[in-house]
Amino acid sequence: MEEELVSPKIDRKACIRARVVEAIDDIDIAVNLWLSGKTRNAAGKAFAAVKALLSALVTKELDRLSGIDEWYAKRGYTVPTHAIKGVTEDLSDLGYPEVSSLASLAMDLHDYQYNGFDPDFSKYRTKEEVLHDLICVAEAVLKYAKRWFPEYFDEKLETLYNFALTSVEKLKRGSKA
């Protein structure tokens, strides 16, 4: 399920919904990539899911964040990768303390996507360590999508959410085998 992505300058609610859909959909894709043996691509999709969720949250809080820095209204709502640390600090100050640890895990997965197990760059030594963080990120994205954006959950989004949740549960069962 894909929603048209419009600028929040045009339609803030449509932008938020599109990013929430993207985040949930990317989690499902990440899980399926992992299950097909594409661990680095799975890590990249999990990172993309967090980025989409953060973008939705920034857009939701755009008025409050723009009071901190006008950059948010200009470009910050896209949550550029280089700015994730600062964005999560600002969101944490607005009452979303969980974004910092979620973004940190996502950045570790992003590093793994590009560096694999290179001991000079990777924080991971084994696929099991990567899988642990992938599952943590997947569960967090789904939980926070529901918690932060309940007003966007109609029947279609609920179906997508349940589909992704089932995929994550399948991955968890497979990781214990």
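In the block above lies the structure referred to throughout.
Residues numbered from 1 in each chain as written. Predicted model: local features only at pLDDT ≥ 70, side-chain atom pairs only at ≥ 80, totals over all residues. Heavy atoms only, no water.

Draft legend 1. Up close: the overall build of the chain. Each helix and strand counted, the chain has eight helices and zero strands in total. The order of helices and strands in the chain, counted from the N terminus, is α-α-α-α-α-α-α-α. Over its C-alpha atoms the chain spans a radius of gyration of 16 Å, differing by no more than 12% from the 16 Å that the globule rule assigns to 177 residues. Along the first, second and third principal axes, the C-alpha set of the chain runs to 45 × 40 × 25 Å. Within the chain, buried positions represent 48% of all 177 residues. Taking the contacts inside the chain whose residues are at least 6 apart along the sequence as the reference set, 65% of them involve residues at least 24 apart. Here the chain displays about 9000 Å² of accessible surface, and carbon together with sulfur accounts for 50% of that area. (Helix = DSSP H or I, 4+ residues; strand = E, 2+ residues; numbered from the N terminus. Rg over C-alpha atoms; globule rule 2.2 N^0.38 Å. Buried < 20%, exposed > 50% of the residue type's maximum accessible area, 1.4 Å probe, protein only. Contact = heavy atoms within 4.5 Å. Areas by Shrake-Rupley, 256 points an atom, 1.4 Å probe, with all protein chains shown as cover.)

Draft legend 2. Quick look at the packing of aromatic side chains. Enumeration according to the criterion identifies seven aromatic pairs in this entry. With a centroid separation of 5.0 Å and 65° between ring planes, the pair formed by Trp71 and Tyr72 is classed as edge-to-face. Aromatic pair Tyr96 and Trp148: ring centres 5.5 Å apart, planes at 90°, arrangement edge-to-face. Residue Tyr96 is found in the loop between α5 (84-93) and α6 (98-115), and its partner Trp148 is found in helix α7 (residues 127-148); the two are separated by 52 residues along the sequence. (Phe/Tyr/Trp six-rings, centres within 6.5 Å; stacked < 30°, edge-to-face > 60°.)

Draft legend 3. Main features of the side chain of Asp26. Within the secondary structure, Asp26 sits in helix α1 (residues 12-35). One polar contact links Asp26 to Lys45, side chain to side chain, over a distance of 3.2 Å. Setting aside residues no more than four positions away along its own chain, Asp26 makes contact with Lys45, Ala48 and Ala49. (Polar contact = N/O pair within 3.5 Å; in protein donor to acceptor, adjacent residues only side chain to side chain.)

Draft legend 4. View of the packing of α1 against helix α2 (residues 39-60). In contact at an axis separation of 8 Å, α1 and α2 are set at 165° when each is read in the N-to-C sense. Considering their axes alone, α1 and α2 lie roughly antiparallel with respect to each other. When the axes of α1 and α2 are compared, the crossing they make is left-handed. (Axes fitted to C-alpha atoms, helices over the stretch in contact; angles between N-to-C directions. Parallel < 35°, antiparallel > 145°, perpendicular 65-115°, else oblique. Left-handed = near helix turned anticlockwise from the far one by under 90°.)

Draft legend 5. The side chain of Thr88, seen in detail. Positionally, Thr88 belongs in helix α5. The class of Thr88 is buried, set by a relative accessible area of 4%. A distance of 2.9 Å separates a polar atom in the side chain of Thr88 from the backbone oxygen of Lys85. In this view, Thr88 contacts Leu54, Val99, Ser100 and Ala103; residues no more than four positions away in its chain are not counted.

Draft legend 6. Molecular detail of the nonpolar core. By size, the foremost hydrophobic cluster in this structure holds 61 residues, and its most contacted members are Val20, Ile24, Leu53, Val58, Leu91, Leu134 and Phe149. Of all elements in the fold, only α1, α2, α3 (62-68), α5, α6, α7 and α8 (155-175) reach the threshold of two or more residues within this core. The residues contacting Leu134, other than those within four sequence positions of it, are Ala30, Trp34, Ala42, Ala43, Ala46, Leu109 and Leu171. (Core = buried A, V, L, I, M, F, W, Y, C linked by side-chain atoms within 4.5 Å.)

Draft legend 7. Representation of the environment of Val31 in the model. Tracing the backbone through its elements, the reader meets Val31 in helix α1. Its relative accessible area of 1% is what places Val31 among the buried residues. For the pair formed by Val31 and Val168, sequence separation is 137 residues and the distance between their alpha carbons is 6.5 Å. Not counting the four nearest positions on each side in its chain, Val31 is found in contact with Ser167, Val168 and Leu171.

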